[in-house]
Amino acid sequence: MANQDKINELIEKRAKAKLGGGEKRIDSQHSKGKLTARERIDILLDEDSFEEFDMFVTHRTKSFGLDKQVYLSDGVITGHGTIDGRIVYVFSQDFTVFGGSLSETYALKICKIMDMAMKIGVPVIGLNDSGGARIQEGVRSLAGYAEIFQRNIMASGVIPQISSILGPCAGGAVYSPALTDFTIMTDQTSYMFVTGPKVVKSVTGEVVTTEELGGAQIHSTKSGVSHFLAENDEENLLLVRKLMSYLPSNNLEDPPSIKCSDPIDRLDDILNDIIPENPNQPYDIVDVISVITDNGEFTEVHRNYARNITVGFARFNGHPVGIVANQPKYFAGVLDCEASRKAARFVRFCDAFNIPIVTLVDVPGFLPGTGQEYAGIILHGAKLLFAYGEATVPKVTITLRKSYGGAHDVMSCKQLRGDLNYAWPTAEIAVMGAKGAVEVLEGSNIRKIEDANEKQEYIEKKEDEYNTKFANPYVAAKYGFIDDVIEPRNTRFRIVRALELLSNKKEVNPPKKHSNIPL
Ligand code: HXC
């Protein structure tokens, strides 16, 4: 064969590979409102930056007539490219080839790029759209999944791993995304479950739709499996790019800083009035966050899940931070099982990847009652406590209003190695609120008063006394548990300066195999 013929053969093969399962199946993919595996890569990566590996890989199965159904790339596109100029590895499952189902060779392709990413120290982004294990390959497919899981586990905390869910993700296949750092689901076209509706019906009798069982809405609101909900494939992929802008390429690097155009010393007078006079009145903590961060930007993680706590990424003076904030707008910002779990995972992520944590506190305590106790609030609350106590990244805590009881300790207090702990003058740092305290301390005296008006007057007097004595920041400040009481409008500047001060912080935990966080 002449050289040119050989080159033409390559060009033909490439063109064939790019067609995946063929035009008909590509049309079918589009008709479902989904992009193809390659179109997705084009949106995810910087223009023309994608370099593909293993385009000519095919499966090795002969049975079930598969020897006559051979597709170049075997249902998954793998390679590397850049996002904002930074290298990432990517795999994109191609639903047009055997429904994106995973074969042995397909798994090897994914493992190859995961190994490369670990060697180089760059993130892995998985675009998932698959019918799960390729049925014709049986246990070889299961083994392939396990090879991927093992690599997900080894990469955890070393390189960021992000999963976009853009179609079906079923069976054990859901565990690879679950092992990664962030999962982004697309509304209506993606779903995740360990078994589908048919199996559910046959095992438990429950009748449920795909959407109800594992749709993007469900996993973004009820289970917390999905960290972000996107309207469509494009939004999903652009979210990955945005998320990447806050993350370092690996655990030995600092997160990427950008030039800050927002004055660091601007005074935000609005904050001086943001706390309502009535301590039981809610406000939106996101209003505070979007006043203090660079250009008011905040990328909220788990926005629709456990809304009583708010977590997400922002920047101060161009440097990425993770923000954890109680949200008084939902259930008064109380800590419950889900909120504790959500925040604990976020804190651990930030700590693993050198992202400083800014904590905004307004918490009335842990949610009491049998519902929470039976659901294991002790263990879930301990997760958050553990995560903060273990974290060695810079930790800046601002107490805005309530900081009561165990929840005070949990929310990055001084003794959990909070580096700089400030409070607004409106802070109330105490064992419990006035109402509860008076009930406990004055119960016997209150019971002795027969007249209802007198009783009420006595209670109010005692509550006032308690508030004056304890519901302020100065008792904590007296003991040095709060480093300073600051004027709310200075908060941005104080945080920027605190983070600058802490930028060379070195804190190391004792050597150990690993900790035993209460899971
Ligand atoms: C081989 C598969 C496949 C699979 C789909 N296809 N899933 N081929 N193995 N697992 C093929 C179909 O035969 C079809 O081929 C093409 O992909 C598209 O599938 P359709 O059914 O036509 O598409 P759609 O109607 O959109 O339904 C998609 C689907 C459905 C919901 C994913 O295909 C489905 O239920 N598949 C099986 C899912 C499943 O149970 N997988 C195993 C899970 S257990 P043609 O040639 O017609 O285009 C598991 C264990 C992992 O994954 C364990 C890890 C530890």
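Report on the accompanying structure. These figures come from a predicted structure and were not determined experimentally.

Re empty space enclosed by the protein
Here comes step 1: Under the defined criterion, the tally for this structure stands at three cavities of 30 Å³ or more.
Here comes step 2: In this structure, the largest cavity occupies an estimated 100 Å³ of space.
Here comes step 3: Lining the largest cavity are 14 residues, and of these Gln93, Asn128, Tyr145, Ala173 and Ser176 lie nearest its centre.
Here comes step 4: At the level of elements, strand E3 (86-93), helix H5 (139-155), strand E6 (168-170) and helix H6 (175-179) are the ones that each hand at least two residues to the lining of the largest cavity.
Here comes step 5: A total of three residues in the lining of the largest cavity trace back to one element, the largest contributor, which is E6.
Here comes step 6: By residue class, the composition of the lining of the largest cavity is 10 nonpolar, four polar and no charged.
Here comes step 7: Each pocket or cavity is described by its volume, and for the second largest cavity that value is around 80 Å³.
Here comes step 8: Along its surface, the second largest cavity is lined by 13 residues, and Phe91, Val124, Asn152, Ser176 and Thr180 are the ones closest to its centre.
Here comes step 9: Residue assignment for the lining of the second largest cavity shows that the elements contributing at least two residues are strand E4 (124-128), H5, strand E5 (161-165) and H6.
Here comes step 10: Each residue belonging to the lining of the second largest cavity can be placed in one class, and the counts come to six nonpolar, seven polar and no charged.

Overview of the site of the ligand
Here comes step 1: Near the ligand lie 21 residues; those nearest to it are Arg25, Gly99, Gly131, Ala133 and Ile135.
Here comes step 2: One of the backbone N or O atoms of glycine 131 is found 2.6 Å from a nitrogen atom in the ligand.
Here comes step 3: With the chains in place, 55% of the 1,000 Å² that the ligand exposes on its own is no longer accessible.
Here comes step 4: Looking at the shell around the ligand, the elements with two or more residues in it are H5 and E6.
Here comes step 5: The biggest single contributor to the shell around the ligand is H5, with three residues.

Topic: H5
Side chains of residues three or four places apart in an α-helix project in the same direction, reflecting 3.6 residues per turn.
Here comes step 1: For H5, which comprises 17 residues, the first-to-last C-alpha distance of 24 Å matches the rise-based estimate of 24 Å (1.5 Å per residue) to within 8%.
Here comes step 2: With its phi angle positive at about 80 degrees, glycine 157 sits one or two positions after the end of H5.

Some details on unusual backbone geometry
Glycine aside, negative phi is the norm for most residues, and most peptide bonds take the trans geometry.
Here comes step 1: The phi angle at aspartate 48 is positive, at roughly 60 degrees, despite the residue not being glycine.
Here comes step 2: Relative to the helices and strands, aspartate 48 resides in the loop between helix H3 (37-44) and strand E1 (51-53).
Here comes step 3: What makes aspartate 48 exposed here is its relative accessible area of 77%.

Here's the deal with the layout of surface pockets
Here comes step 1: Taken as a whole, the second largest pocket spans an internal volume of roughly 470 Å³.
Here comes step 2: Taken together, 19 residues form the lining of the second largest pocket, with Asn280, Tyr404, Gly433, Ala434 and Lys435 sitting closest to its centre.
Here comes step 3: When residues of the lining of the second largest pocket are traced back to their parent elements, those giving at least two are strand E14 (395-404), helix H15 (405-410) and helix H16 (434-448).

Examining the sheet that holds E4
The strands making up a sheet associate through backbone hydrogen bonding, with each pair oriented either parallel or antiparallel.
Here comes step 1: As summarised here, the arrangement of the seven strands in space is E1-E2-E3-E4-E5-E7-E9, forming an open sheet in which the pairing is mixed. Of all strands in the sheet, those bounded by a partner on one side alone are E1 and strand E9 (228-230). On average, adjacent strands in this sheet sit at an angle of 20 degrees to one another, irrespective of strand direction.
Here comes step 2: In the sheet, strand E2 (residues 76-83) pairs with E3 via eight bridges, with the strands oriented antiparallel. Across the sheet, isoleucine 83 pairs through a bridge with arginine 86, a residue of E3.
Here comes step 3: The strands touched by H3 within the sheet are E1, E2, E3 and E4, with E3 carrying the most contacts at an inclination of about 160 degrees.

Quick look at the environment of phenylalanine 331
Here comes step 1: Topologically, phenylalanine 331 is positioned in the loop between strand E12 (319-326) and helix H12 (337-352).
Here comes step 2: For phenylalanine 331, a relative accessible area of 63% gives the class exposed.
Here comes step 3: Measuring from C-alpha to C-alpha, the distance between phenylalanine 331 and arginine 307 comes to 8.5 Å, with 24 residues separating the pair along the chain.

Things to note about the pattern of salt bridges
Here comes step 1: Overall, the coordinates contain 30 salt bridges when judged by the stated rule.
Here comes step 2: Between aspartate 362 and arginine 401 there is a salt bridge, with the nearest N and O atoms lying 2.9 Å from each other. Here arginine 401 lies in strand E14 and aspartate 362 lies in strand E13 (residues 357-363), a separation of 39 residues in the sequence. The same class applies to aspartate 362 as to arginine 401, namely buried.
Here comes step 3: Residues aspartate 419 and lysine 505 are paired through a salt bridge, measuring 2.8 Å at the closest nitrogen-oxygen approach. One end of the pair, aspartate 419, is in the loop between H15 and strand E15 (420-423); the other, lysine 505, is in the segment after helix H19 (491-501), and 86 residues separate them in sequence. As far as burial versus exposure is concerned, aspartate 419 and lysine 505 are alike and both buried.
Here comes step 4: When salt bridges with common partners are traced through the structure, they connect Asp262, Arg266, Asp268, Asp294 and Arg492 into a single cluster.

Considering the packing of H3 against helix H10 (residues 233-244)
Packed helices, taken two at a time, are described by the angle their axes make and the gap between the axes.
Here comes step 1: The N-to-C vectors of H3 and H10 enclose an angle of 40 degrees; their axes lie 9 Å apart at closest approach. Comparing the axis directions of H3 and H10 gives the class oblique. By crossing handedness, the relation of H3 to H10 is classed as right-handed. Together, Arg40, Ile43 and Leu44 of H3 and Asp233, Glu234, Leu237, Leu238, Val240 and Arg241 of H10 make up the contact between the two elements.
Here comes step 2: A breakdown of the residues in the contact of H3 with H10 according to their chemical character gives five nonpolar, no polar and four charged.

Remarks on the state of the cysteines
Here comes step 1: Counting across every chain of the model gives zero disulfides.
Here comes step 2: No disulfide involves cysteine 111; its sulfur sits 16 Å from the nearest other cysteine sulfur, which is in cysteine 169.
Here comes step 3: Judged by its relative accessible area of 3%, cysteine 111 falls in the buried class.
Here comes step 4: No disulfide involves cysteine 350; its nearest neighbouring cysteine sulfur is the one of cysteine 413, lying 18 Å away.
Here comes step 5: On the basis of relative accessible area, cysteine 350 is assigned to the buried category, the value being 1%.

Thresholds, definitions, all that
Residues numbered from 1 in each chain as written. Predicted model: local features only at pLDDT ≥ 70, side-chain atom pairs only at ≥ 80, totals over all residues. Heavy atoms only, no water. 1 Å grid on protein atoms, 1.4 Å probe; cavity = no way out; pocket = protein on both sides within 12 Å on 5 of 7 lines; lining within 4 Å. Points joined across faces, edges and corners; volume = space filled by probe spheres on them. Helix = DSSP H or I, 4+ residues; strand = E, 2+ residues; numbered from the N terminus. Nonpolar A, V, L, I, M, F, W, Y, C, P; charged D, E, K, R; others polar. Near = heavy atom within 4 Å. Polar contact = N/O pair within 3.5 Å; in protein donor to acceptor, adjacent residues only side chain to side chain. Areas by Shrake-Rupley, 256 points an atom, 1.4 Å probe, with all protein chains shown as cover. Expected span 1.5 Å × (residues − 1). Buried < 20%, exposed > 50% of the residue type's maximum accessible area, 1.4 Å probe, protein only. Pairing = 2+ DSSP bridges. Axes fitted to C-alpha atoms, helices over the stretch in contact; angles between N-to-C directions. Contact = heavy atoms within 4.5 Å. Salt bridge = Lys/Arg side-chain N within 4 Å of Asp/Glu carboxyl O. Parallel < 35°, antiparallel > 145°, perpendicular 65-115°, else oblique. Left-handed = near helix turned anticlockwise from the far one by under 90°. Disulfide = S-S within 2.5 Å.

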